[in-house]
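Examination of the molecular architecture
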Amino acid sequence: MSHPPSVRLTVAQALVRFLSVQYTERDGVRRRLIAGTWGIFGHGNVAGIGQALVEVGEDAMPFHQGRNEQAMVHAAVGYARQLDRLSAQAVTTSIGPGATNLVTGAALATINRLPVLLLPGDSFATRPADPLLQQLEHPTEADVSVNDTLRPVSRYFDRITRPEALIPSALQAMRVLSDPAETGAVTLALPQDVQAEAYDWPQEFFAERVWHVRRPAPDPVELAEAVRAVRAAARPLIVAGGGVHHSEAEEALKALVDATGIPVASTQAGKGSLRHDHPADLGGIGHTGTAVCDDLARTADLVIGVGTRYTDFTTASGTLFQNPDVRFLNLNIAAFDAHKLTARTLVCDARTGLEALTAALAGHRVDPAYVTEYGEGKARWEEVVETAFRAADDNAVPTQTQVLGALDAVVGDEDVVINAAGSLPGDLHKLWRARSRRQYHLEYGYSCMGYEIPAAIGVQQATPDTPVWALVGDGTYLMMPTEIVTAVQEGLQINLLLIQNHGYASIGGLSETVGAERFGTAYRYRAADGTFTGAPLPVDLAANAASLGMDVLRAKTVRELREALATARAADRPTCVYVETDTATATATAPPAEAWWDVPVAEVASREAAVQARERYDRDVAARRHHL
């Protein structure tokens, strides 16, 4: 009996060769599933995955050199999001701190339903010496390693302790990465001795595989019930989430809205599902939403969620949807999300489901008075945006919303604006005028400080001709400026808009509202009483960005800012625009929150600020309801 042909390779060589021939296909378009590998090498992966990458060559598996393991995952996530989850990247690290640095990035990827393949080194499977350098010793579970911290934040996890175990595990990893309902971080932990171990691999393992990304259609019974619910509703409201973008369902959403007149509110992940100037696009919803969206949400009798997870920012911590008769209809490819808020469900692909719903609703439109109502609300909010963006004096120091207004005047439809944390997400969600489906790139599932710069690199890698803007405050910048070096090394023309406001502005404001009196939120010297209330720290972040290789433009006024942004957009290398904002008058230009967010306040306290905050909290929390 003859044996099937085989090839002798190390485990690491086999894995890299396998990854190089995996593809996705959707709507007839084929892409590399793993388009490249990020890496920082140490003793736990240099002789395994490192040698394998050299062996296979740059054409088969492009390599990207990172400076921080967490940042490498962020870059891979930005890449996958820009390409609608149809192509991803791998990240390899050594054992120990290199591996545990992956955890935050893995959590971000999984929470946001975005694919990334993690390949951390691991302790010896054969245990020739115990303990090893960087090995975690557990007194009752000898097979535990630091990589087990990746289990709860991974959609699939395996430790490859034998060469032959790689075959089924690698196939399962590709299945999860390419599954729109299951995707997230996937971890294959690789003991450093197993990486270098040779095995006779069946050649079929290295045959090209195409993973079809399905577009499941809605169940006919569910579709019929959904149609009845929409036809019966007098005040329906669509909540567009990130699933609209991942499914490339924007045109299908527009067709439904044009046919029915149902208005659209957007989550942070779903903003841009309609262009900002579409008559039915009402902007953001929830705690950081627009007045017109939140007013309609309070009176809606049917909320149609499309590709949304319904986070507490969207639901205003369960206080937003106040109509006693409100019901929910959720269209989502993941049944887990579709069933939230005790909804009627359409478990299907967003584009397929929206097309089916539009066809089944032929001839149905909302009452013209409802269209007039939300149209007038949209017009009123546009005046709010104009006021926030406009500066009365071009020679004045800009507020943060005026910074956004200056950027709004410079960007084109194709630009991508990236942000994740601080006070910017709230201002952007309320005010930004999204011009295209991928322009608004907010990571607000995990709201991870430090995401923006590496994510901008990932977006540039995915779509090289796209102008990309990473918007960061000083707090976020200090978390992770490291990948500026990567952008410079790779010649990636990312733009960094660096806003200096001397501390954690968002948390400072929240601290004040919950009775914590802005404690520990300012970047200042210690005062005589021990608090951080002295003069601002003499930190020059612009000089820091320049020292890492960026061109830096400093702007002190609104006029200088507009000029600097235009110069940066026309540049051919990584460029930073640095501006210090006017925080004293910022509250005059930033619209207040239109809905509540639950941050529990101390139930007992001796300080008056906390006592008053608790009284407000008790009044606000009383509005919360469970939708059953």
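Each remark here, short or long, concerns the structure printed above.
Okay, so let's go over this structure. (Residues numbered from 1 in each chain as written. Predicted model: local features only at pLDDT ≥ 70, side-chain atom pairs only at ≥ 80, totals over all residues. Heavy atoms only, no water.)

For the rest of this paragraph, the subject is the layout of surface pockets. Roughly 310 Å³ of volume is contained in the second largest pocket. Lining the second largest pocket are 20 residues; nearest its centre among them are Phe124, Arg127, Gln135, Ala142 and Asp143. Grouping the amino acids of the lining of the second largest pocket by side-chain chemistry returns 8 nonpolar, 5 polar and 7 charged. (1 Å grid on protein atoms, 1.4 Å probe; cavity = no way out; pocket = protein on both sides within 12 Å on 5 of 7 lines; lining within 4 Å. Points joined across faces, edges and corners; volume = space filled by probe spheres on them. Nonpolar A, V, L, I, M, F, W, Y, C, P; charged D, E, K, R; others polar.)

This brings us to the sheet that holds strand E21 (residues 494–500). The strand order across the open sheet formed by 6 strands is E19-E18-E20-E21-E23-E22, and the pairing between neighbours is parallel. Of all the strands in the sheet, just strand E19 (440–442) and strand E22 (551–555) have a single pairing partner and so form its edges. Neighbour to neighbour, the strand axes of the sheet diverge by 20° on average, direction disregarded. Contacts between helix H23 (residues 558–570) and the sheet are confined to strand E20 (468–473), E21, E22 and strand E23 (575–580), with E22 contributing the most and set at about 160° to the helix. (Pairing = 2+ DSSP bridges. Helix = DSSP H or I, 4+ residues; strand = E, 2+ residues; numbered from the N terminus. Axes fitted to C-alpha atoms, helices over the stretch in contact; angles between N-to-C directions. Contact = heavy atoms within 4.5 Å.)

Below, the discussion takes up helix H5 (residues 102–111). Within H5, 7 of the 10 residues are buried, leaving the element largely enclosed by the surrounding structure. When we look at burial in H5, the residues that qualify are Leu102, Gly105, Ala106, Ala107, Leu108, Ala109 and Thr110. Lining the buried residues of H5 we find helix H3 (69–82), strand E6 (88–93), helix H4 (97–100), strand E7 (116–122) and strand E9 (185–191). Positioned one or two residues after H5, Arg113 has a phi angle of 60°, which is positive. (Buried < 20%, exposed > 50% of the residue type's maximum accessible area, 1.4 Å probe, protein only.)

Let's shift gears to the side chain of His278. Structurally, His278 can be placed in the loop between strand E13 (264–266) and strand E14 (281–284). Among the polar contacts made by the side chain of His278, one reaches the main-chain amide nitrogen of Ala280 at a distance of 3.0 Å. (Polar contact = N/O pair within 3.5 Å; in protein donor to acceptor, adjacent residues only side chain to side chain.)

The next subject is the pairing of strand E18 (residues 416–419). Side chains of E18 alternate between two faces, with Val416 and Ile418 and Val417 and Asn419 buried alike. Relative to E19, E18 runs parallel, the two being bridged by 3 bridges. Paired with Asn419 across the bridge in E19 is Leu442. Crossover connection from E18 via helix H17 (residues 424–431) to parallel E19: handedness right-handed. (Right-handed = clockwise from strand over helix to strand, strands pointing away.)

Enumeration according to the criterion identifies 38 salt bridges in this entry. When the shortest N-O distance is used, the salt bridge between Asp337 and Arg113 registers 2.9 Å. Of this pair, Asp337 sits in helix H13 (residues 335–338) while Arg113 sits in the loop between H5 and E7, and the two are 224 residues apart along the sequence. For Asp337, a relative accessible area of 3% corresponds to the buried category. In this structure Arg113 comes out as partly exposed when scored by relative accessible area, which is 22%. One continuous salt-bridge network, built from bridges that share partners, spans Arg26, Asp27, Arg215, Glu248, Asp349 and Arg351. (Salt bridge = Lys/Arg side-chain N within 4 Å of Asp/Glu carboxyl O.)

Further remarks concern the packing of aromatic side chains. As enumerated under the stated definition, the model contains 12 aromatic pairs in all. With a centroid separation of 4.6 Å and an interplanar angle of 10°, the aromatic rings of Phe18 and Phe205 are classed as stacked. Of this pair, Phe18 sits in helix H1 (residues 11–19) while Phe205 sits in the loop between strand E10 (198–202) and strand E11 (209–212), and the two are 187 residues apart along the sequence. Assigned by exposure class, Phe18 and Phe205 land together as buried. With centroids separated by 6.2 Å and ring planes inclined at 90°, the aromatic side chains of Tyr310 and Phe328 adopt a geometry described as edge-to-face. One end of the pair, Tyr310, is in the loop between strand E15 (302–306) and helix H12 (312–315); the other, Phe328, is in strand E16 (residues 327–332), with 18 residues separating them in the sequence. The class of Phe328 is buried, set by a relative accessible area of 3%. (Phe/Tyr/Trp six-rings, centres within 6.5 Å; stacked < 30°, edge-to-face > 60°.)

With that settled, the discussion passes to unusual backbone geometry. Omega for the bond connecting Asp130 with Pro131 falls within 30 degrees of zero, at 5°, which places this linkage in the cis form. For Pro131, the position within the fold is in the loop between E7 and strand E8 (156–159). Its identity as a non-glycine residue notwithstanding, Asp27 has a phi of 55°, on the positive side. Here Asp27 lies in the loop between strand E2 (22–26) and strand E3 (29–32). A positive phi angle, close to 50°, is found at Arg127, a residue other than glycine. Within the fold, Arg127 resides in the loop between E7 and E8. Arg127 gets classed as partly exposed once you look at its relative accessible area, which sits at 48%.

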